[in-house]
Amino acid sequence: MATFNLKVNGKSKTVNVDNDTPLLWVLRDELNLLGTKYGCGIAQCGACTVHVDGVAIRSCSVPASNLADSEITTIEGLAKEKLHPVQEAWKELDVPQCGYCQAGQIMTATSFLKQNPSPNNEDIRNAMNGNLCRCASYNRIEKAVALAAKKMS
């Protein structure tokens, strides 16, 4: 076991875990941040997506020990005083069905829109392609990302 500090949602957190413990399990089991979900464990579904230094990553495949100097943002830390425009769009279009994948979808979308604030539908489809939704809400997800881009412009 090793002790190290992480900066999560703007706060410094000290954890004591094995060096190879994935960030996902540190967030969920050590820091009780349950919005980030376990989906596949091999970085293929996107349910565990968080931001590290503003970039969307799959937290199931990155050891937390590698992120000591990074700013980690989870779905719980995305909104400050009010909902992020992506969250507003999700709510406005009633995107989720079961909701399991939605935190990862939203984290992917927010990172994408930061890089491409004026995407077309193909850009959105390509950016969101790696996030799986068991309920197949892909059309609503695409519409919500487009709406969020308009809200952010």
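The preceding data block contains the structure.
This structure is a prediction, so every number in the text was calculated from the model and none was measured.

(A) Layout of the packing of aromatic side chains. Applying the stated criterion across every chain yields a total of one aromatic pair. Ring geometry for tryptophan 25 versus tyrosine 38: centroids 5.4 Å apart, planes at 35°, classification tilted. Of this pair, tryptophan 25 sits in helix H1 (residues 23-30) while tyrosine 38 sits in the loop between H1 and strand S3 (49-52), and the two are 13 residues apart along the sequence. Overall, tryptophan 25 belongs to the partly exposed group, its relative accessible area being 30%. Looking at tyrosine 38, the relative accessible area reads 37%, which means it is partly exposed. The side chain of arginine 134 reaches across the aromatic face of tyrosine 100, ending 5.6 Å from its centre.

(B) Spotlight on the sheet that holds strand S2 (residues 11-17). Here five strands make up an open sheet; going across it, the order is S2-S1-S5-S3-S4 and the pairing mixed. The open sheet is flanked by S2 and strand S4 (55-58), the only strands paired with a single partner. The mean inter-strand angle of the sheet, taken between neighbouring strand axes irrespective of direction, is 45°. Contacting strand S1 (2-8), S2, S3, S4 and strand S5 (71-73), H1 crosses the sheet at an angle of about 100° to S2. Contacts from helix H4 (residues 102-115) reach S3, S4 and S5 within the one sheet, and its direction differs from that of S3 by about 35°.

(C) Representation of the environment of arginine 134 in the model. Within the secondary structure layout, arginine 134 lies in the loop between helix H5 (121-128) and helix H6 (138-152). Arginine 134 sits 19 residues away from serine 153 along the chain, and the two C-alpha atoms are 31 Å apart.

(D) Local environment of the layout of surface pockets. Space inside the largest pocket adds up to approximately 190 Å³. Lining the largest pocket are 13 residues; nearest its centre among them are His51, Gly54, Thr73, Leu78 and Lys114. Sorting the residues of the lining of the largest pocket by element identifies S5, helix H2 (75-78) and H4 as the ones contributing at least two each. Sorting elements by how many residues they give to the lining of the largest pocket places H4 first, with three residues. Among the residues forming the lining of the largest pocket, the class breakdown is two nonpolar, seven polar and four charged.

(E) Region of interest: the state of the cysteines. In this structure the tally under the stated criterion is zero disulfides. Not part of a disulfide, cysteine 60 finds its nearest cysteine sulfur in cysteine 48, a span of 3.7 Å. Free of any disulfide, cysteine 101 has its nearest neighbouring cysteine sulfur in cysteine 133, separated by 3.8 Å.

Rules used in this analysis
- Residues numbered from 1 in each chain as written.
- Predicted model: local features only at pLDDT ≥ 70, side-chain atom pairs only at ≥ 80, totals over all residues.
- Heavy atoms only, no water.
- Phe/Tyr/Trp six-rings, centres within 6.5 Å; stacked < 30°, edge-to-face > 60°.
- Helix = DSSP H or I, 4+ residues; strand = E, 2+ residues; numbered from the N terminus.
- Buried < 20%, exposed > 50% of the residue type's maximum accessible area, 1.4 Å probe, protein only.
- Lys NZ or Arg CZ within 6 Å of the ring centre and 35° of its normal.
- Pairing = 2+ DSSP bridges.
- Axes fitted to C-alpha atoms, helices over the stretch in contact; angles between N-to-C directions.
- Contact = heavy atoms within 4.5 Å.
- 1 Å grid on protein atoms, 1.4 Å probe; cavity = no way out; pocket = protein on both sides within 12 Å on 5 of 7 lines; lining within 4 Å.
- Points joined across faces, edges and corners; volume = space filled by probe spheres on them.
- Nonpolar A, V, L, I, M, F, W, Y, C, P; charged D, E, K, R; others polar.
- Disulfide = S-S within 2.5 Å.

Honestly, that's just the spatial picture; any functional story needs more than this.
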